[in-house]
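Chain by chain, the residues:
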Amino acid sequence: MKTIREDIKGGNFKRVYLLYGEEAYLRNQYRDLLIRALVPEGDTMNFTRYTGKDVDEQEIVSQAETLPFFADRRVILVENSGFFRRKTERLDDYMDHLPDYLVMIFVEDEVDKRNRLYKQIQKKGHVAEFAAQTEETLTRWVLTRMTREGKKITRKDMSHFLDMTGTDMANISSELEKLLCYTMGREVITNQDIDAVCAPQITNQIFDMIRAVTEHQQKKALDYYYDLLALKEAPMRILYLLARQYNQLLQVKTLAADGMPNREIAPKVGMPPFAVSRTLGLCRNYSIPQLESIVREFVQVEEEVKTGRLDDKLSVEMMIVKWSR
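Keep in mind the model is a prediction, meaning the values are calculated, not measured.

We now examine the overall build of the chain. A tally of helices and strands in the chain yields 16 helices and 5 strands. Seen through its principal axes, the chain has C-alpha atoms that stretch 70 × 55 × 40 Å. The buried share of the chain, taken over its 325 residues, is 46%. Contacts in the chain between residues at least 24 apart in sequence constitute 73% of all its contacts with a sequence separation of at least 6. Accessible area for the chain stands at about 17300 Å²; split by element, carbon and sulfur atoms hold 49% of it. The average position of the 48 basic charges and that of the 50 acidic charges among the side chains of the chain differ by 4 Å.

Here it is as structure tokens:
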């Protein structure tokens, strides 16, 4: 990110950029910063955007070979193409022959770092990964926005806010706007304000459901499940999220048992460090063999639902009841 900001400030741009990672809010912000810096407002002749997995490599190369029209640059934006998870021989070869007037920007959710095109861009341009942000970074970001609006919040209530919103910055931004509007005219944002206007993410509700299961609070766990159904969440999606959470419990407990610190566990299991601490709290209620057994059972239940031997709604109910006894 620092490199991109320096390129924009100095006006010295690489021939090709790759922006990728799960933090879409930041990724799209830097995409837009590059486009605004490279493309004069209203210039549709020298800017081309391609989106989706059916984008043709040859068409992109042909467009790249077209000289800019009364401008210094031709800019090509390629989004969600899937090029970095498959072979792209035409584009791979073209990275060695990028013309001086061209700037290409690729924006992707996921990449395979073994991919040849990825390696070519590492050599010829710049690769920026936008990973999920740490709790400390998110806290600073939210506090900056709150301070700008003359708001204050305790550290405990800030943690509660992030628990409610999750780590997705787009969702945090949206929920923060609601919170700022709701507390207009007041300086301090409280826990009650957060509960009043912020919508909890489904993954947080799933986590609360698992906590209720591990604490053997069967009624509470089932209430969470029925609430999710009332919110029109599909039983199969809930089953999938439950299975994923238990799989993460198993991974976290196994890695922690091997002596790995939280900051190293986080990227391996795909969660921020503060979520690892929260997950470890639940792990203490299980042994590794128990978690392995639960994960295997989820795989079996999912297969039975998909083959029609078990009702999807009943499948989740059955797992909640069994493991919350």
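Don't stop here, the text continues.
Moving on to the pattern of salt bridges. The final tally for this structure, using the stated rule, is 22 salt bridges. For the salt bridge of Arg 27 with Asp 109, the shortest nitrogen-to-oxygen distance reads 2.9 Å. Of this pair, Arg 27 sits in helix H2 (residues 24–38) while Asp 109 sits in the loop between strand E4 (102–108) and helix H5 (116–124), and the two are 82 residues apart along the sequence. By relative accessible area, which is 44% here, Asp 109 ends up partly exposed. The residue Lys 219 makes a salt bridge to Asp 223 at a minimum N-O spacing of 3.0 Å. On the criterion of helical spacing, the pair formed by Lys 219 and Asp 223 is a turn pair, its members being 4 residues apart in helix H11 (residues 218–230). Where salt bridges share partners, they join Arg 31, Asp 32, Arg 49 and Glu 79 into one cluster.

Among the 5 residues in strand E1 (residues 16–20), 5 count as buried, and that is most of the element. Here E1 shows a buried face lined by Val 16, Leu 18 and Tyr 20 and a second buried face lined by Tyr 17 and Leu 19. Across 5 bridges, E1 lies against E4 in parallel orientation. What sits directly across from Tyr 20, in E4, is Glu 108. Sheet topology places E1 next to strand E5 (residues 126–129); 4 bridges connect them, and they run parallel.

Criteria and cut-off values
Residues numbered from 1 in each chain as written. Predicted model: local features only at pLDDT ≥ 70, side-chain atom pairs only at ≥ 80, totals over all residues. Heavy atoms only, no water. Helix = DSSP H or I, 4+ residues; strand = E, 2+ residues; numbered from the N terminus. Buried < 20%, exposed > 50% of the residue type's maximum accessible area, 1.4 Å probe, protein only. Contact = heavy atoms within 4.5 Å. Areas by Shrake-Rupley, 256 points an atom, 1.4 Å probe, with all protein chains shown as cover. Lys, Arg positive; Asp, Glu negative; His and termini not counted. Charge placed at Lys NZ, Arg CZ, Asp CG, Glu CD. Salt bridge = Lys/Arg side-chain N within 4 Å of Asp/Glu carboxyl O. Pairing = 2+ DSSP bridges.

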